[in-house]
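Coordinates in review
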Amino acid sequence: MAYILLLFLFLPLNFSNAAVVLPLSYSISAAKFNTTHHLLKSTAARAAARFDRYTRRVSLPLSPGTDYTLSFSIGEQTISLYMDTGSDVVWIPCQPFRCILCDGKYSPATVSHPGPLNLTQSNISHTPCKSAACSAVHSSTPSSDLCAIAKCPIDAIEMGECDNFACPSFYYAYGDGSLIAKLYQDTLSIPMSAPGLKLHNFTFGCAHSTLGEPIGVAGFGRGVLSLPAQVAQLSPDIGNYFSYCLISHSFDEARVRQPSPLILGRNQKNQKDEFSVNKEGEVVLYSYTPLLENPKHSYFYCVGLEAMTVGNRRIRAPVSLQRVDRKGNGGMVVDSGTTFTMLPTKFYQSILGELDRQIGADYIRATAVEDRTGLRPCYYAQKGEKEKPWRRLPKLALHFGGNSTVEMPRRNYFHDFVDTDVRRSVGCLMLLDGGAADEEEGGPAGLFGNYQQQGFEVVYDLEQKRVGFARRKCASLWKTLS
């Protein structure tokens, strides 16, 4: 399965205070996952691998099945990249391009313009070694050191005259692969826009060699090289505030064919801090939680998870989920590039134990399904529940810092399907064990995945340093905005 995000930009001539509305389209490739068990097992394994590697400098999407793809033009060439709020750099495969161990990594039919980019057909220019962008992509390494690596003479370094010396290549390591790229600049434009948004001197990485990563990435994280950050240089109102609203799909192909809106800028003129009023006069409530600053992983959208409620019982989250320490450990990352929510082992077991305590007597545990999918707990539905299946399931809510509560609809945390081996309806909790915290490696303690974000408008307000959530009818929102 692969999700496709096709990005079409509609801008008025004066767009400084206008919202940019983009439709997100995605499709399911049935050939990659021949059974629901295979789909869930693969997606869960990829989510776990991505989370395990969050201690690395950059975390990138791992495979089709969980990733949204956007398309734009570099010069005259259109390219499709994975959208990822968990990284802060845009990189593109460029000719000549060699991807090691990339067989079966994605279905060509699901990515409209996979590349690679032809550098001879572009007005591309190198990024100087003395630039702030070069220092940023090399983890704030001083420009004098980078220019020395680029073999700029010492007298030119002292005089700041290294414009003709390119930024050295940089290396990224991520979930199940890696890449080497160089920084370049060219004009970025959005296809089918009116009148069109063009970013001159847009900075991106150009990769000729990757391991396990055939598709590039458009980072939407908090760093200076991310796509929103570079848009903000042209229009702060657009680049410093964006949101998306993912239509609830539950792995149903009929649902995922509908567009989901991605919005740059505020989508309502009368939107206030805590609410907006749509065209039908309905009040939409936003629940905001402050972003936590992370000294080690500054590009993450980290928030504090204080507790979770299962039914009527509130379970306090460990301190590692509530805050980020001085070493950059802890907090929960809000991530568009990972499917399932990840929790530390002990807290995860507390949630599972409470769920089983409340419904274990009513449903038979489907241990064979757990083994095949990697999800747990799983239960078989009662035979008499065809009209109102899973009616005994308790509510599940997440309580973030700033008195922000996200109560999830059942489909966001419990997926039901047919176990074809026994021809019975079965349902599984869609949360994963993120493992015990590793104090030596550090990194986030948890992750809020895109499956749990379905049916919510998720707002990234960079000016006020907060993330917001609002229950929305995402298909209706797209119709209203388009």
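**Quick notes on the packing of aromatic side chains**
Under the definition given, this model contains 17 aromatic pairs. Considering the side-chain rings of Tyr363 and Tyr379, the 6.3 Å spacing of their centres and the 55° angle between planes classify their relative orientation as tilted. Note that Tyr363 is positioned in the loop between α9 (345-359) and β20 (364-365) and Tyr379 in strand β21 (residues 378-380), a separation of 16 residues in sequence. Note on accessibility: Tyr363 and Tyr379 belong to one class, buried. Arranged with centres 5.1 Å apart and planes meeting at 35°, the rings of Tyr363 and Trp390 form a pair that is tilted. Placement of Tyr363 in the loop between α9 and β20 and of Trp390 in the loop between β21 and β22 (396-400) is noted, with a sequence separation of 27 residues between them. Grouping residues by exposure puts Tyr363 and Trp390 together as buried. Ring pairs connect the aromatic residues Phe220, Phe242, Tyr244, Tyr301 and Tyr460, which therefore count as one cluster.

**A look at unusual backbone geometry**
The amide bond that connects Gln95 to the next residue, Pro96, takes the cis arrangement and shows omega of -10°. For the peptide bond that leads from Arg376 to Pro377, omega is 0°, which places it in the cis range. Tracing the sequence through the fold places Pro377 in the loop between α10 (367-373) and β21. Located in the positive-phi region is Leu101, a residue other than glycine, with phi close to 60°. Here Leu101 is to be found in the loop between β4 (90-100) and β5 (125-126). On the basis of relative accessibility, which here comes to 68%, the residue Leu101 falls in the exposed class.

**Re helix α12 (residues 474-481)**
Looking at α12, one finds that the buried residues are Cys474, Leu477 and Trp478. Within α12, the buried residues cover an arc of 100° as seen down the axis, which keeps them to one side.

**Quick look at the pattern of salt bridges**
Inspection of every chain in the model, using the stated rule, returns 13 salt bridges. Here Asp362 and Arg392 are joined by a salt bridge, their closest N and O atoms 3.9 Å apart. Of the two residues, Asp362 is situated in the loop between α9 and β20 and Arg392 in the loop between β21 and β22; the sequence distance between them amounts to 30 residues. Taking the relative accessible area as the measure of exposure, Asp362 reaches 28% and is therefore partly exposed. Judged by relative accessible area, Arg392 falls into the partly exposed class, the value being 33%. For Glu457, the salt bridge goes to Arg472, with nearest N and O atoms at 2.8 Å. On the criterion of sequence distance, the pair formed by Glu457 in strand β28 (residues 456-461) and Arg472 in the loop between β29 (466-471) and α12 is long-range, its members being 15 residues apart. Take Glu457: its relative accessible area is 1%, and that puts it in the buried class. Of the residues examined, Arg472 reaches a relative accessible area of 12% and is grouped as buried. Shared partners join several salt bridges into a network, and the residues in it are Asp356, Arg365, Glu370, Asp371 and Arg376.

**Some details on the state of the cysteines**
All chains considered together, the criterion is met by seven disulfides. A disulfide bridge connects Cys245 with Cys474, and the sulfur atoms are separated by 2.0 Å. With the S-S bond torsion at -70°, the cross-link from Cys245 to Cys474 turns out left-handed. Taken as a pair, Cys245 in strand β10 (residues 241-245) and Cys474 in helix α12 lie far apart in primary sequence, 229 residues in all. For the pair Cys245 and Cys474, one class covers both residues: buried.

**Concerning the confidence of the model for the protein chain**
For the protein chain, per-residue confidence averages 80 on the pLDDT scale, and residues scoring 70 or more make up 76% of the total. In the predicted structure, residues 1-16 sits below a pLDDT of 50 and forms 86 contacts with residues beyond four places in sequence or in another chain. In this model, residues 27-35 is a region of pLDDT below 50 whose contacts with residues beyond four sequence positions or in other chains number 23 contacts.

**A short note on the pairing of strand β3 (residues 77-84)**
Extensive coverage of β3 is indicated by the burial of seven of its eight residues. For strand β2 (residues 68-74) and β3, the ladder comprises seven bridges, and the chain directions are antiparallel. Bridge pairing in β3 places Tyr68 opposite Met83. Linkage of β2 to β3, two consecutive antiparallel strands, is achieved through a turn of two residues, within which Gly75 is found at a positive phi near 65°. Where β3 meets strand β9 (residues 216-219), four bridges bridge the pair, whose relative direction is parallel.

What counts, and at which threshold
Within each chain, residue numbers correspond to sequence positions counted from 1 in written order. Where totals are concerned, whole chains, interfaces and linings use all residues; where local detail is concerned, this predicted model gives features only for residues with pLDDT of at least 70, and gives and counts side-chain atom pairs only at 80 or more. Hydrogen atoms and water are omitted, and side-chain values are computed over all heavy atoms in the structure. Side-chain rings of Phe, Tyr and Trp (the six-membered ring for Trp) are treated as a pair once their centres are within 6.5 Å; stacked means planes under 30 degrees apart, edge-to-face means over 60, and tilted covers the remaining angles. Helix numbering and strand numbering both begin at the N terminus, where a helix is a DSSP run of H or I of at least 4 residues and a strand a DSSP run of E of at least 2. With a 1.4 Å probe rolled over the protein chains alone, any residue whose accessible area is under 20% of its type maximum counts as buried; one over 50% counts as exposed, and the rest are partly exposed. Directions from the helix axis toward the C-beta atoms define the arc. Only one rule defines a salt bridge in this text: a Lys or Arg side-chain nitrogen within 4 Å of an Asp or Glu carboxyl oxygen. To count as a disulfide, a pair of cysteine sulfur atoms needs to be within 2.5 Å. Known as pLDDT, the predictor's per-residue confidence is scaled from 0 to 100. Any pair of residues with heavy atoms lying within 4.5 Å of one another is described as a contacting pair. Only strands joined by at least two bridges in the DSSP assignment are considered to pair.

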